[in-house]
Amino acid sequence: MFENYFKVAYRNLKKNKAYTFISVFGLALGLAVCTLLLLYVQNELSYDQFNKNADNIYRLTQPEHAYHAPQVAIKLADNLPEIKDFVRIFPMDSGIIEYDNKKFKEKNIPFADPAIFRMFSFQFVSGDNETALDKPFTTVISETLARKYFANENPIGKVLKLGGENDYTITGVMKDMPQNSHFRYDIILTLSGADKVFGSLMINLGWQNFLVYFELQEGISKSNLEEKCENLIQPLYKSYNPNFPKYSLQSLKDIHLYSAHIKNDIQPQNSITYVLIFSAIGILILLIACVNYINLLIANATTRMKEIGIKKVIGATRNQLALQFVGESFLVLFIAFIISLIFVQLGLPIFESLTGKVLSFTALITLKNIVGVLAFLVGTSFIAGFYPAFFLSKLEPIQTLRAKTFTGKSKINFRTLLVGVQFTIVIVLICSALFMFSQIDYLQNKKLGFDKEFVLTSEINGAFDNVEKYNALKASLLNESFVASVSSGSRVPSNTTTNFGTLIPEGETKPTSIALVHVHQDYFETLGIKAKKGGLFSSQLSTDIDNAIILNESAVKELMLKGNPIGQSLKCDWPKSNRTIVGVTDDINFESLYGRVRPTAFLIDYSECSRLIVKVNPSNTETTINKLQAICSNFYPDEIFEFHFVDDKLEYLYQSDINTFQLMGYLTFLSIFISSMGLFGLALFSMKGRTKEIGIRKVLGASTPRILILLVKDFTKWVLIANIIAWPIAFYAVNKWLQNFAYRIEMNYWLFLLGGLIALLIALSTVSYQAVKAATANPVDSLRNE
Amino acid sequence: MIKLKNLEKYYTNKFVKTFVLRNINLEIREGEFLSVMGPSGSGKSTLLNIIGMLDTPSSGEYFFYDEPVHKKSEKQLTELHRNHIGFVFQSYHLIDELTVYENIEMPLLYQKVKAGERKGRVAEILDRFNMVAKKDLFPNQLSGGQQQLAAIGRAIIGNPKLILADEPTGNLHTDQGKEIMELLKKLNQEGTTIIQVTHSAENAKYGNRIIKLSDGWIEE
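Every value quoted in this text rests on a predicted model; they were computed, and no experiment measured them.

**Q** Go over the overall build of chain A with me, naming the residues and quoting the values.
**A** Counting secondary structure elements, chain A contains 25 helices and 22 strands. Viewed in the frame of its principal axes, chain A has a C-alpha envelope of about 100 × 60 × 50 Å. Sorting the 786 residues of chain A into buried and exposed places 40% on the buried side. Taking contacts inside chain A between residues at least 6 apart in sequence as the whole, the part at least 24 apart equals 84%.

Quick look at the structure:
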């Protein structure tokens, strides 16, 4: 019996090639996309779960950041028995590591308390994780770094020199930190004996650069503990900050996906919003593919009325017929599933590059997923097979034998309704993609208040505080024809502005916290920044060095300066000085456009200028950079110069959004593609069912365009209705996403219209092919066929 | 074998009843070859479908081997189809996706006949109808007459006691039609009860009894 079912199913699939291709290919594509997104979502949700103590580890945070003074953790751990252990991490952006007379510039070099390897479950290849960092000047490195520095030698006991000053002995080698850890480092230096390195900074409450992690005792109430933490920290900061911020404890498992409010996190984290967006898109695309499949299966089943009738006449029971249709449905799904696995394998590298993740297909082979896939296959086969199995097999045999195809009114509505649902999803995706594209375009092209093109920067370990040496370098650089201008500063656009100082306007007593950018004189000219009021720093006026300050507009507002700010005096704490405002600039976007421009002040202080800024004329990039490096190394042989273009770095700030957009673009295209395939298939069946009607209409004198309109009308109507449903959904989703940006595009209503129009055009062009074919056919043929 | 008492079939459309069959009283004995004649729309096919339990009467009683058909469940009717009735249609109604062999075999599958026995019985039918060479062909590769032969093969493979033939030669050439009628006659002679609906007076003569239907009434 099953053999017979299989034969009928197989031959049916073979006979209706278009139907089979659309069903199988569409489903396989939908399943593959869904599987890839499932991989992504599972990976995102798995962050930090590898830690055995994950449930009891918390990070201390403030409303906008997670950085604290080193003393805070000690104070809390000493006074609160709920805290079992603590780890402080001081992340350093980069440093020069020296071994065997070779120097390497390493990014991300953190200092951490020895407890890091007790609290977090990082695996050791050699050394003891319990005690590795206990002694001062010890370090643990990753396998990757061990290979880089020591090839096949045993790294234990070897000494690395950091920043040309301190020697660190390697006491352990760990496996590379897992991909799904919210921080990943190749080297960790001990904080044991940190006062020998950082001196009195370790007790400076203003030096807020440490991330603090606590391992709590079992069963501790988080909110109670947060309150206790606040009560202990508050008195420490009474004199510093009258607006004492709130403290909270963030679960380790939440850090990766729920830290959107945390600025300048230890490493870039993701947001649960994107995980939800991609989960939703995965489900929606699968839904589109399933709708296609169900629609086509029903359409195909209605052409098999004769078979159902004959089988009933011969003695098939309803259950047997139902089993046959559900079985056929399962067969198609199973084939699609197998093909989808091939698609997943093929698509994985592209998907990995888009998400920036290393994903393993084998991660999906879990009992939960296998049960899930089986449930999906059986469930969908049942839903898809339900209509033919139970509705068609219920009909009297004589009804089924009389009708070649079933043309019940209600069924058409159900099918077109499904097409409507499908297009609603597609329109939501198209509209969202259009807005995303506009926003990314806006971010990349917004006037930021400075020249971002042809500006190269390089950070050094020390500072350009030796004016004579710096001036010699500058003169040497300016000798090159490709160099237009040279300057230096503590911060350049595309960086964060995290050096804060306090300014007190003359006649006031209350200090105001303002971001400070310490610069050399030519800073503004090199970056093409103009003064809005007053002037800029001048190398002719030596008094500018100690006495002048330039504010941005937000700083003027923040300081509540009355009247013309030019000429007003301010008291500054970094460096301690009295300064006169010589100029006001626009609000320059130093950071990404996610956040508003901070109130910022610019002043000359050579000792803080660690970033060289070179404006070049357009020329060969590689040669330019090589020459710059050669000249700079000549003057500063201990430093390693790595130049980057500012516009590249700016683009990098939006990289995750650009990736997301690209992924979204691909997914939207796929969803359009799958729905169009479905619509094409449905149109195919629909036209077939109306061949006789079209023939008669033509015989009676209907023109081809009239018939075309008649055929296309139904589909068009549903796409238009889909627009009306889709627009509010898209509006809500897009609006929510745009809230992430301080600078964002307006809700342009024409983009919704454009989205709808695109969907309509796609639907029309898909259906038109079949419709034109049907409308231009010779009526004699269609009537003869009847 | 078959008893129809005051059987009526009508369709109700709003307030109007359209009668297809009116007050049908008919008895058919086992071994009969009954021809039902009448003009188009006289209710011949409806009567045949009701007898074949493919359609239900609007009122009246129907007894098959003294069992009241009008009181049987869907499952019981399926059992009757399986074991007692074979159908032959004007347009053959073979399943396009199955070969001649598979089409003929199908009723045995639903009767859960074992594979070995199925093979033997299908071979016997193919042999009897001279269709061995055609067994692997699909319906659209056969002539109308061959298709009808296969359809008859399928109808009789389950050894039904009753064969219902609805214009079995309607789509065939005269020669092919004659062949089919001869075959039905032979089956009748072997003991199968046959009821055929036909337009052709000549074909009707193959039966040993003829009834005429006019506007739903029997004129015997």
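**Q** Now, about unusual backbone geometry: what can you tell me, with residues and values included?
**A** When glycine is set aside, most residues are seen to have a negative phi, and most peptide bonds are trans. The step from Trp574 of chain A to Pro575 of chain A runs through a cis peptide bond, and the omega angle for that step is -5°. Note that Pro575 of chain A resides in the loop between strand S18 (569-573) and strand S19 (576-585). Backbone geometry at Lys112 of chain B places phi at a positive 60°, although glycine is not the residue there. Mapped onto the elements, Lys112 of chain B comes out in the loop between helix H3 (100-110) and helix H4 (115-128). For Lys112 of chain B, a count of 9 C-beta atoms within 10 Å gives the class exposed. A positive phi is found at Asn130 of chain B, a non-glycine position, where the angle reads about 55°. With respect to the secondary-structure elements, Asn130 of chain B resides in the loop between H4 and helix H5 (144-156). Owing to 10 C-beta atoms within 10 Å, Asn130 of chain B belongs among the exposed residues under this scheme.

**Q** Now, about the sheet that holds strand S8 (residues 193-197) of chain B: what can you tell me, with residues and values included?
**A** All names here are of chain B. Here we have six strands laid out as an open sheet, ordered S6-S7-S8-S3-S9-S10, and mixed in their pairing. Edge positions in the open sheet fall to strand S6 (85-88) and strand S10 (217-219), since each of these has one partner strand only. Along the sheet, successive strands turn relative to each other by an average axial angle of 20°, direction set aside. As paired elements, strand S3 (residues 33-37) and S8 share four bridges and run parallel to each other. What sits directly across from Leu34, in S8, is Ile195. Running at roughly 170° to S6, H5 makes contact with S6 and strand S7 (162-166) of the sheet.

**Q** Lay out the sheet that holds strand S1 (residues 2-13) of chain B in plain terms, naming residues and giving numbers.
**A** All names here are of chain B. In spatial order, the strands read S2-S1-S4-S5; together these four strands make up an open sheet with antiparallel pairing. Each edge of the open sheet carries a strand with a single partner, namely strand S2 (16-28) and strand S5 (67-68). As judged from the nine bridges shared by S1 and S2, these two strands associate in the antiparallel manner. Counted as the bridge partner of Leu4 is Leu26 from S2.

**Q** Now, about helix H15 (residues 467-478) of chain A: what can you tell me, with residues and values included?
**A** Residues and elements named next belong to chain A. Given a rise of 1.5 Å per residue, twelve residues ought to cover 16 Å, and the 16 Å separating the end C-alpha atoms of H15 matches this to within 8%. Tyr470, Leu473, Lys474 and Leu477 are the residues of H15 that are buried. The buried residues of H15 occupy one face: seen down the axis, they fall within an arc of 100°. Exposed side of H15, more than 90 degrees from the buried face: Glu468 and Ala475 are the residues found there. Buried residues belonging to H15 abut strand S13 (483-489), strand S21 (611-616) and helix H19 (621-635).

**Q** Hey, could you go over the interface of chain B and chain A for me, with residue numbers and the actual values?
**A** Listed per partner, the contact involves 18 residues of chain B and 20 residues of chain A. Those elements that place two or more of their residues in the side of chain B that touches chain A are helix H2 (74-84) and H3 of chain B. Per-element tally for the side of chain B that touches chain A: the top contributor is H3 of chain B, with five residues. For the side of chain B that touches chain A, the class distribution of residues is eight nonpolar, five polar and five charged.

**Q** Can you break down the confidence of the model for chain B residue by residue, with the values?
**A** In this model, chain B carries a mean pLDDT of 89, and residues with pLDDT of at least 70 account for 100%. With pTM at 0.77, the complex prediction returns an ipTM value of 0.82.

**Q** Lay out the nonpolar core with the relevant residues and their values.
**A** Residue and element names in this part refer to chain A. In terms of nonpolar packing, the biggest core is built from 161 residues, with Ile285, Ala289, Ile427 and Cys431 touching the most fellow members. For this core, the element with the highest residue contribution is helix H9 (residues 272-302), accounting for 18 residues. Each residue touching Ala289, except ones within four places of it in the same chain, is listed here: Gly26, Leu27, Leu29, Gly30, Leu31 and Ile674. If you look at the next biggest cluster of nonpolar residues, it comprises 55 residues, including Tyr67, Val87, Ile187 and Leu191.

**Q** I'd like a description of the environment of Asn51 of chain A, backed by residues and values.
**A** Residues and elements named next belong to chain A. Within the fold, Asn51 resides in the loop between helix H2 (17-45) and strand S1 (57-61). Along the primary structure Asn51 and Lys253 are separated by 202 residues, whereas in three dimensions their C-alpha atoms are 9.4 Å apart. Apart from the residues within four sequence positions on either side, Asn51 is in contact with Ile57, Phe120, Ser121 and Leu252.

**Q** Kindly report on the packing of H2 of chain A against H9 of chain A, identifying the contributing residues and their values.
**A** Pairs of packed helices are described in terms of their axes, by the angle between the two and the distance that separates them. Residue and element names in this part refer to chain A. Axis separation between H2 and H9 bottoms out at 9 Å; the angle between their running directions is 160°. Taken together, the axes of H2 and H9 are roughly antiparallel relative to one another. In the packing of H2 onto H9, the handedness of the crossing is left-handed.

**Q** Outline the packing of H9 of chain A against helix H12 (residues 367-391) of chain A, supporting the account with residue identities and numerical values.
**A** All names here are of chain A. It is the contact of H9 with H12, at a shortest axis distance of 8 Å, that shows an interaxial angle of 30°. When the axes of H9 and H12 are compared, the pair comes out roughly parallel. In terms of crossing hand, the pair formed by H9 and H12 is right-handed. In contact with Cys290, Tyr293, Ile294, Leu297, Ile298 and Ala301 of H9, H12 contributes Thr380, Ile383, Ala384, Tyr387 and Pro388. The residue inventory of the contact of H9 with H12, partitioned by class, reads ten nonpolar, one polar and no charged.

Scoring rules and cut-offs
- Residues numbered from 1 in each chain as written.
- Chains lettered and ligands numbered in written order.
- Predicted model: local features only at pLDDT ≥ 70, side-chain atom pairs only at ≥ 80, totals over all residues.
- Helix = DSSP H or I, 4+ residues; strand = E, 2+ residues; numbered from the N terminus.
- Buried ≥ 20, exposed ≤ 12 C-beta atoms within 10 Å, placed from the backbone.
- Contact = placed C-beta atoms within 7 Å.
- Pairing = 2+ DSSP bridges.
- Axes fitted to C-alpha atoms, helices over the stretch in contact; angles between N-to-C directions.
- Expected span 1.5 Å × (residues − 1).
- Arc of directions from axis to C-beta.
- Nonpolar A, V, L, I, M, F, W, Y, C, P; charged D, E, K, R; others polar.
- pLDDT = per-residue confidence, 0-100.
- Core = buried A, V, L, I, M, F, W, Y, C linked by C-beta atoms within 7 Å.
- Parallel < 35°, antiparallel > 145°, perpendicular 65-115°, else oblique.
- Left-handed = near helix turned anticlockwise from the far one by under 90°.

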